Amino acid sequence: MTSRKHDRTTLLIGATTPLLAACEGPQSALDPAGSAAELIARLWWPTLFVAVLVTLLVLALLAVAIFRAHKRNAALPLSARQSRNLVIAGGIILPLAATIPFALSSFSIGRTIDAPLPDNAMTVEVIGKLWWWEVHYLDEAGDRIATTANEIHIPVGEPVRFLLKSDNVIHSFWVPNLQGKTDMIPGRTNVTSMTANEPGVYRGQCAEYCGTQHALMAFLLVAEEPEAFDDWLAGQRQPAAAPETDAQARGHDVFLDAGCAACHTIRGTPANGEIGPDLTHIASRRTLAGATVPNRTGHLGGWITDPQHVKPGNKMPPSELTPEELKTLLGYLESLE
Ligand code: HEC
Ligand SMILES: [Cu+2]
């Protein structure tokens, strides 16, 4: 169901895209594309195999017990000693033999995937918000050099350190194809790392229930060749492009006048709000609002007009713009590559 307001926006600025394809991507721990996820999958498959085997064994024994119960001399013809040996073998030795190897390899894999990276490894700080992800790239001194949201780029083949924080409730940072989950806890900095072995756009998802829009708190992790990554980061470090046309200049003014700047930063303009995502390079992002909708004109217009329709309960209020204001605002935002 679309509201009439939303329909009008759609008519004004062109058809919206039918599917959310841009917001999707591989999101499966069973299809690893990173070093840590590969180790986790290597532990997972034998665990599943043994667990299935044990379940089948237990079910088979249960079936034997059920059928024997109907017979008259139901007790197994075992001596007291044989019964005791059966309990020791089946109740102690077998479970230990089945679980100790997994406990040991889980411990050793856990240590490997959480091993600290060298000091000079690239570091990304991610802050869990309600319900989106604030992303900062840090230099070697730990200072923020670029800020973005909901889309994290990393170079393929290089281990990247993530500093995970929250200033509200507990979230959990999870890119299943690359690494296990790590909680983001208010007042703490949790550290994890990832090495992507194959280029790709992987979907990440908050994995700790955090309120109304927990399900729409997703992001994209773009693993790309180091040169492409360097270009991207160099672009993100720049302030916003200045308006080039009159229409863009008017859109820039609409942004400042319509109250957007109270919550959003566009570096290089007076807009320096900190409540919502940094929009300095919004046009370079694939999706909007935590990978909820693709970043296309129709969706952007729909989002700005009535964000509560797209993602009910989120912290951005609807705006009252004339069609002309909305059009120039969209033109300006779409120039922010
Ligand atoms: C009261 C604060 C507030 C105001 C005012 C506000 N926004 Fe937002 N905006 C947010 C928050 C919070 C989000 C993140 C919502 C989410 O994903 O849960 C957001 C998200 C966005 C996004 C998506 C960004 C991304 O990276 O996904 C765009 C674009 C945007 N706002 C544009 C605007 C424009 C244009 C205006 C002015 C008409 C505006 N906002 C006014 C708080 C605000
Ligand atoms: Cu959540």
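Residues numbered from 1 in each chain as written. Chains lettered and ligands numbered in written order. Predicted model: local features only at pLDDT ≥ 70, side-chain atom pairs only at ≥ 80, totals over all residues. Heavy atoms only, no water.

Caption draft 1: The sheet that holds strand 1 (residues 122–128), seen in detail. Taken in spatial order, the 5 strands make up an open sheet running 3-2-1-5-8, and their pairing is mixed. Strand pairing shows two members of the sheet lacking a second neighbour, strand 3 (144–149) and strand 8 (190–194), which therefore form its edges. Each strand axis lies, on average, 25° off the axis of its neighbour in the sheet, ignoring direction. Bridge count between strand 1 and strand 2 (residues 133–138): 6 bridges; the pairing is antiparallel. Paired with Thr-123 across the two strands is Leu-138, which belongs to strand 2. In the packing of helix 4 (residues 226–237) onto the sheet, the strands contacted are strand 1, strand 2 and strand 3, and the crossing angle to strand 3 comes to about 95°. (Pairing = 2+ DSSP bridges. Helix = DSSP H or I, 4+ residues; strand = E, 2+ residues; numbered from the N terminus. Axes fitted to C-alpha atoms, helices over the stretch in contact; angles between N-to-C directions. Contact = heavy atoms within 4.5 Å.)

Caption draft 2: Region of interest: the side chain of Ser-193. Among the structural elements, Ser-193 can be located in strand 8. Non-local contacts of Ser-193, meaning those with residues more than four positions away in its chain, are made with Ile-113, Ala-115, Leu-117, Val-160, Arg-161, Phe-162 and Gln-179.

Caption draft 3: Region of interest: the coordination of the iron atom of ligand 1. For the iron atom of ligand 1, every protein donor is listed as His-264 (NE2) and Met-316 (SD), and the spread of their distances is 1.9 to 2.1 Å. Geometry at the iron atom of ligand 1 is octahedral, judged from its 6 donor atoms and the angles of 87 to 178° they form at the metal. Here the residue His-264 occupies a position in the loop between helix 5 (246–257) and strand 11 (287–288), and Met-316 occupies one in the loop between helix 7 (307–310) and helix 8 (323–333), the gap between them amounting to 52 residues. In this pair, the class of His-264 matches that of Met-316, namely buried. (Donors = N, O, S within 2.8 Å, 3.2 Å for Na, K, Ca; no water. Tetrahedral: all angles 85-135°; square planar, octahedral: opposite > 155°, others 65-115°. Buried < 20%, exposed > 50% of the residue type's maximum accessible area, 1.4 Å probe, protein only.)

Caption draft 4: Seen up close, the domain arrangement of the protein. Segmenting the protein into domains produces domain 1 (4–16 + 239–280 + 296–333) and domain 2 (32–224). Both faces combined, the contact of domain 1 with domain 2 buries some 830 Å², and carbon together with sulfur accounts for 58% of it. Broken down residue by residue, the surface that domain 1 buries against domain 2 is led by Pro-277, Lys-311 and Lys-315, which jointly contribute 47%. Our count for the contact surface shared by domain 1 and domain 2 stands at 0 salt bridges. Summed over the shared surface of domain 1 and domain 2, the result is 4 residue pairs in polar contact (both at pLDDT 80 or more). (Domains from an automatic or database assignment. Buried area = accessible area lost by both parts, 1.4 Å probe. Salt bridge = Lys/Arg side-chain N within 4 Å of Asp/Glu carboxyl O. Polar contact = N/O pair within 3.5 Å; in protein donor to acceptor, adjacent residues only side chain to side chain.)

Caption draft 5: Expanded view of the pairing of strand 1. By the criterion of burial, strand 1 is predominantly enclosed, with 7 of the 7 residues buried. With burial as the criterion, each face of strand 1 is covered, one bearing Met-122, Val-124, Val-126 and Gly-128 and the other bearing Thr-123, Glu-125 and Ile-127. With 7 bridges joining them, strand 1 and strand 5 (residues 160–166) adopt parallel strand pairing. Within strand 5, the position partnered with Val-126 by the bridge is Leu-164. Between strand 1 and strand 2, which pair antiparallel and follow one another directly, the connecting turn spans 4 residues.

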